[in-house]
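Structural description and commentary
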Amino acid sequence: MVVRQEISDEVWAVFEPLMPVPAGRSRPWSDHRLAVEGMVWKYRTGAPWRDVPERFGKWNTIYKRFTRWAEDGTWELLLAEVQKQADQLGAIDWVVSIDSTIARVHQHGATLPRIKKGSVSNCKNPLVEPENHAIGRSRGGLTTKVHLVADGKGRPLGMVVTAGNVNDTTMFAATLDDIRVPRERGRARSRPDRVLADKGYPSRANRAWLRARGIAATIPERSDQIAKRRKRAGRPIEFGEEQQQRYRGRNVVERCFNRLKQWRGIAMRSDKLARNYRAGVALASILIWIKTDLINTP
């Protein structure tokens, strides 16, 4: 019997071929499946690494392997690979939705010194640890924010992890830029057909960024923007009945957050490094893609 924190045989049949293999004369790794199941158990339960059950192997071995793969970009490559397989099956809905969610930072994850300078720009590279470790102080205390873009079926396509006090609209372009779905031939696809977003994103800079890339948008204006537009000449933003019907599909990103936050280690961050926390989100995202599209496919 497979318990909830473990990986089924069907899922592992897709996961196993993606695993890295030892290079050269390096020491062979212990069983990948047990190690990955230990990582899944840790993030599903939100428990400390030291509490990972012995049936998965030594906790320190599992932690070191997880951290190494977070540092060298392995988790990013695995996520891109499952997205590539889904794209080959024609299973990606390229009408995407973007939003952010907050995660409280546990006291065990807030022990490293933080520097504010340059931290936002560093968050755009998942392999570079930001100086503030993506931890900021807001009304809810110490928090981390996950900016995420989901496809039309609610699967993660791209994400950026920042401090919780970073404004959503400033990370709009960086989050969409994180979309990179590889293809057999040519460049990876990075442009969706349409972007759905709420009233936290309708800045002039964001709309100009979308127009420059030929990406359609469904983003309602705020009341203050509408009032300012009435005072000057110019064409108003179109948001009629057709746009309103499209906008109803924006909730897929909320459903994506709901699925991710079933993992308690994601709902409350205990990782000291932003890089490791993002890797935990990537691990959960990989399993979401596999379970929704890649099980029992030819």
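Residues numbered from 1 in each chain as written. Predicted model: local features only at pLDDT ≥ 70, side-chain atom pairs only at ≥ 80, totals over all residues. Heavy atoms only, no water.

**Regarding the environment of T101**
Inspection of the secondary structure assignment puts T101 in strand β1 (residues 95-105). Between the C-alpha atoms of T101 and H147, which are 46 residues apart in sequence, the distance is 6.7 Å. A polar side-chain atom of T101 sits 2.8 Å from a polar atom in the side chain of K261. (Helix = DSSP H or I, 4+ residues; strand = E, 2+ residues; numbered from the N terminus. Polar contact = N/O pair within 3.5 Å; in protein donor to acceptor, adjacent residues only side chain to side chain.)

**Things to note about the environment of G152**
Its place among the elements puts G152 in the loop between β3 (141-150) and β4 (156-163). With 99 residues separating them along the chain, G152 and N251 place their C-alpha atoms 9.4 Å apart. In this structure, G152 is in contact with D93, V95 and V252, ignoring residues within four places of it in sequence. (Contact = heavy atoms within 4.5 Å.)

**Considerations on the packing of helix α3 (residues 59-72) against helix α12 (residues 274-294)**
For any two helices packed against each other, the geometry comes down to the angle between their axes and how far apart the axes lie. α12 packs onto α3 with a crossing angle of 95° between their chain directions and a minimal axis gap of 9 Å. By the angle between their axes, α3 is roughly perpendicular relative to α12. Of α12, the residues touching α3 (which contributes Y63, F66, T67, A70 and E71) are R275, N276, A279 and G280. Taken together, the residues that form the contact of α3 with α12 break down as four nonpolar, three polar and two charged. (Axes fitted to C-alpha atoms, helices over the stretch in contact; angles between N-to-C directions. Parallel < 35°, antiparallel > 145°, perpendicular 65-115°, else oblique. Nonpolar A, V, L, I, M, F, W, Y, C, P; charged D, E, K, R; others polar.)

**A few points about the nonpolar core**
Where a protein is soluble and globular, its nonpolar side chains tend to be buried together. Core analysis: the largest hydrophobic core is formed by 70 residues, its most contacted members being F15, W75 and L176. Sort the elements by how many residues they give to this core and α12 lands first, with 13 residues. Apart from residues lying up to four places away in sequence, L176 is in contact with V96, I98, V149, S190, V195, W209 and L210. Residues C123, V160, V166 and M171 belong to the second largest nonpolar core, which totals six residues. (Core = buried A, V, L, I, M, F, W, Y, C linked by side-chain atoms within 4.5 Å. Buried < 20%, exposed > 50% of the residue type's maximum accessible area, 1.4 Å probe, protein only.)

**Some words on the pairing of β4**
Within β4, eight of the eight residues are buried, which leaves it mostly tucked inside the rest of the structure. With seven bridges joining them, β3 and β4 adopt antiparallel strand pairing. Considered in β4, the bridge of A150 is made with P156. Between β3 and the antiparallel strand that follows it, β4, lie five residues; G154 among them carries a positive phi value of about 85°. (Pairing = 2+ DSSP bridges.)

**Quick word on helix α2 (residues 32-45)**
In a regular helix each residue adds 1.5 Å, so 14 residues correspond to 20 Å; α2 covers 20 Å between its end C-alpha atoms and thus fits that length. Of all the positions in α2, only H32, R33, A35, V36, E37, G38, M39, V40, W41, K42, Y43 and R44 are classed as buried. Where α2 is buried, its residues touch α1 (9-15), α3, α4 (74-88), α11 (264-267) and α12. Looking at the residues trailing α2, positive phi occurs at G46, about 75°. (Expected span 1.5 Å × (residues − 1).)

**Topic: the side chain of D293**
Here D293 is to be found in helix α12. Classification of D293 by relative accessible area gives buried; the value is 15%. There is a polar contact of 2.3 Å between the side chain of D293 and the side chain of R155. In this structure, D293 is in contact with A86, L89, A91 and R155, ignoring residues within four places of it in sequence.

**Let's talk about unusual backbone geometry**
The phi angle at H133 is positive, at roughly 55°, despite the residue not being glycine. In this fold, H133 is placed in the loop between α5 (119-122) and β2 (136-138). On the accessibility criterion, H133 (11% relative accessible area) is buried. Here A134, not a glycine, exhibits a phi torsion of approximately 55°, which is positive. For A134, the position within the fold is in the loop between α5 and β2.

**Topic: the pairing of β1**
Along β1, eight of the 11 residues are buried, which leaves the element largely enclosed by surrounding structure. With three bridges connecting them, β1 and strand β5 (residues 194-196) associate as parallel partners. Residue V95 lies in a different strand from β5, and its bridge partner there is R194. Inspection of the sheet shows β1 paired to β3 by eight bridges, in the antiparallel sense. Within the sheet, the bridge partner assigned to R104 lies in β3 and is T143. Pairing of β1 with strand β7 (residues 268-269) involves two bridges; the strand directions are parallel. Across the sheet, residue R104 finds its bridge partner in β7, namely M268.

**Overview of the packing of aromatic side chains**
The relation between two aromatic rings is expressed through the spacing of the ring centres and the mutual angle of the planes. In the structure shown here, the tally under the stated rule is nine aromatic pairs. With 6.1 Å between their ring centres and 85° between their planes, Y43 and W49 make a pair best called edge-to-face. Here Y43 and W49 have matching classes, each one buried. Considering the side-chain rings of W49 and F66, the 5.4 Å spacing of their centres and the 45° angle between planes classify their relative orientation as tilted. Separated by 17 residues along the polypeptide, W49 in the loop between α2 and α3 and F66 in helix α3 bring together distant segments of the chain. With relative accessibility at 11%, the residue W49 sits in the buried group. By way of ring pairs, the aromatic residues Y43, W49, Y63, F66, W69 and W75 are connected into one cluster. Sitting over the face of the ring of Y43, K42 holds its NZ or CZ atom 5.1 Å from the ring centroid. The aromatic ring of W94 is capped on one face by R189, whose charged end is 4.1 Å from the ring centroid. (Phe/Tyr/Trp six-rings, centres within 6.5 Å; stacked < 30°, edge-to-face > 60°. Lys NZ or Arg CZ within 6 Å of the ring centre and 35° of its normal.)

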